[in-house]
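Residue strings, one per chain:
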Amino acid sequence: MGRWGFFISIEGPEGSGKSTLTSGIIKYLESKGYQVVYTREPGGTPTGEMIREVLLRGSEDMNPMTEAFLFLAARRENVVRNILPALRSGKVVVCDRYTDSTIAYQGYGRGLPIKILRRLNKLATLGVKPDLTLVIDVNPEKGFERINGKDLDRIEREAMEFHTRVREGYVKLAKISGRRVKLLDGSKPPKEIQKEAISLIIDRMKEKGKLRGEEI
Ligand SMILES: Nc1ncnc2c1ncn2[C@@H]1O[C@H](COP(=O)(O)OP(=O)(O)OP(=O)(O)O)[C@@H](O)[C@H]1O
Ligand SMILES: [Mg+2]
């Protein structure tokens, strides 16, 4: 691998299987000898984890733009402290949620102008974009069934219509984002989703000249 690494973000609605897929991908890549850095959003840094608490436990009626700025602030910390240094030293970064969550949740979900959110994302991230974004598409009702029994956070407690807009937003995003964003069918079993994800990662790594050896 050249000096600059490879950046993968994992996206999707609540309970779609993001964390399951993230850990599967990391295990696979590590078994192939890649150095992998895992992060999650919001969070991934000490300041980011504190911002996460405000976002997930703050008042129900938090202003949508306040919410957006908090996510962006946590993202900035994550980019500066984790993502950029890892990419600079040639590592693979796997991030559970990134810029597309802002577009899906604060844009399609809350109704904030997407054009503005894109500009803010660019500012917050210093323009650091994933090489590949895997969006797990699942019906939000199904997602919530999977996380049934979990203590729901402020955003998860939103109405089902909100979560449906988020899901539809992700699907639109995947359609308009070109080669970077790939949609995975989240109703399939985890093993199958992981297999598809790995094949997409290999293809994209090849395309970007980041694949190690002939085969990973
Ligand atoms: N493809 C799948 N089919 C069925 N169940 C799944 C699938 N993927 C994950 N699960 C299960 O669904 C639950 C939620 O999965 P996971 O925590 O990976 O989702 P998530 O998208 O990270 O959720 P959250 O939005 O809470 O972070 C877990 O119990 C997990 O084992
Ligand atoms: Mg998760």
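In this text the structure is predicted, and so the values were computed from the model without any measurement.

Draft legend 1. Up close: helix α4 (residues 99–109). Judged by how many residues are buried, α4 sits mostly within the fold: eleven of eleven residues are covered. By the burial criterion, the buried members of α4 are Thr99, Asp100, Ser101, Thr102, Ile103, Ala104, Tyr105, Gln106, Gly107, Tyr108 and Gly109. The inward-facing, buried residues of α4 contact β1 (6–11), α3 (64–88), α5 (114–125), β4 (132–137) and α7 (160–176). Backbone geometry just after α4 places Gly111 at a positive phi near 90°.

Draft legend 2. Just the packing of helix α2 (residues 46–57) against α3, in detail. Between α2 and α3, whose axes approach to 8 Å, the crossing angle comes to 160°. Taken as axis vectors, α2 and α3 run roughly antiparallel relative to one another. Crossing of α2 against α3: the hand is left-handed. Within the contact between the two elements, α2 uses Thr47, Gly48, Ile51, Val54 and Leu55 and α3 uses Glu67, Leu70, Phe71, Ala73, Ala74 and Glu77.

Draft legend 3. Region of interest: the site of ligand 1. In the region of ligand 1, 17 residues are neighbours, and Lys18, Ser19, Thr20, Lys150 and Lys188 sit closest. The contact in question runs from an oxygen atom of ligand 1 to an N or O atom on the backbone of Ser16, over 3.2 Å. One of the backbone N or O atoms of Lys188 is found 2.8 Å from a nitrogen atom in ligand 1. If ligand 1 stood free it would expose 630 Å²; the protein chains cover 70% of that surface. If you tally residues by element for the shell around ligand 1, the top one is helix α1 (residues 18–31), at three residues.

Draft legend 4. Spotlight on the layout of surface pockets. If you add up the space inside the largest pocket, you get close to 590 Å³. Together, 29 residues line the largest pocket, and Glu14, Arg52, Arg97, Lys150 and Glu156 are the ones closest to its centre. Contributions of two or more residues to the lining of the largest pocket are made by α1, β2 (36–40), α2, α3 and α4. In terms of residue class, the lining of the largest pocket is built from seven nonpolar, eight polar and 14 charged. Lining the second largest pocket are 14 residues, and of these Thr99, Arg118, Asn121, Lys122 and Lys129 sit closest to its centre. Going through the elements one at a time, α4 and α5 are the ones with two or more residues in the lining of the second largest pocket. Sorting elements by how many residues they give to the lining of the second largest pocket places α5 first, with five residues. Its residues assigned to classes, the lining of the second largest pocket comprises four nonpolar, four polar and six charged.

Draft legend 5. Quick look at the packing of α1 against helix α8 (residues 190–207). Contact geometry of α1 with α8 gives a least axis separation of 10 Å together with a crossing angle of 55°. It follows from the interaxial angle that α1 and α8 lie oblique. As for the relative orientation of α1 and α8, their crossing is right-handed in sense. On α8, the residues touching Thr20, Leu21, Gly24, Ile25, Tyr28 and Leu29 of α1 are Pro190, Ile193, Gln194, Ala197, Ile198, Ile201, Ile202 and Met205.

Calculation criteria
Residues numbered from 1 in each chain as written. Chains lettered and ligands numbered in written order. Predicted model: local features only at pLDDT ≥ 70, side-chain atom pairs only at ≥ 80, totals over all residues. Heavy atoms only, no water. Buried < 20%, exposed > 50% of the residue type's maximum accessible area, 1.4 Å probe, protein only. Helix = DSSP H or I, 4+ residues; strand = E, 2+ residues; numbered from the N terminus. Contact = heavy atoms within 4.5 Å. Axes fitted to C-alpha atoms, helices over the stretch in contact; angles between N-to-C directions. Parallel < 35°, antiparallel > 145°, perpendicular 65-115°, else oblique. Left-handed = near helix turned anticlockwise from the far one by under 90°. Near = heavy atom within 4 Å. Polar contact = N/O pair within 3.5 Å; in protein donor to acceptor, adjacent residues only side chain to side chain. Areas by Shrake-Rupley, 256 points an atom, 1.4 Å probe, with all protein chains shown as cover. 1 Å grid on protein atoms, 1.4 Å probe; cavity = no way out; pocket = protein on both sides within 12 Å on 5 of 7 lines; lining within 4 Å. Points joined across faces, edges and corners; volume = space filled by probe spheres on them. Nonpolar A, V, L, I, M, F, W, Y, C, P; charged D, E, K, R; others polar.

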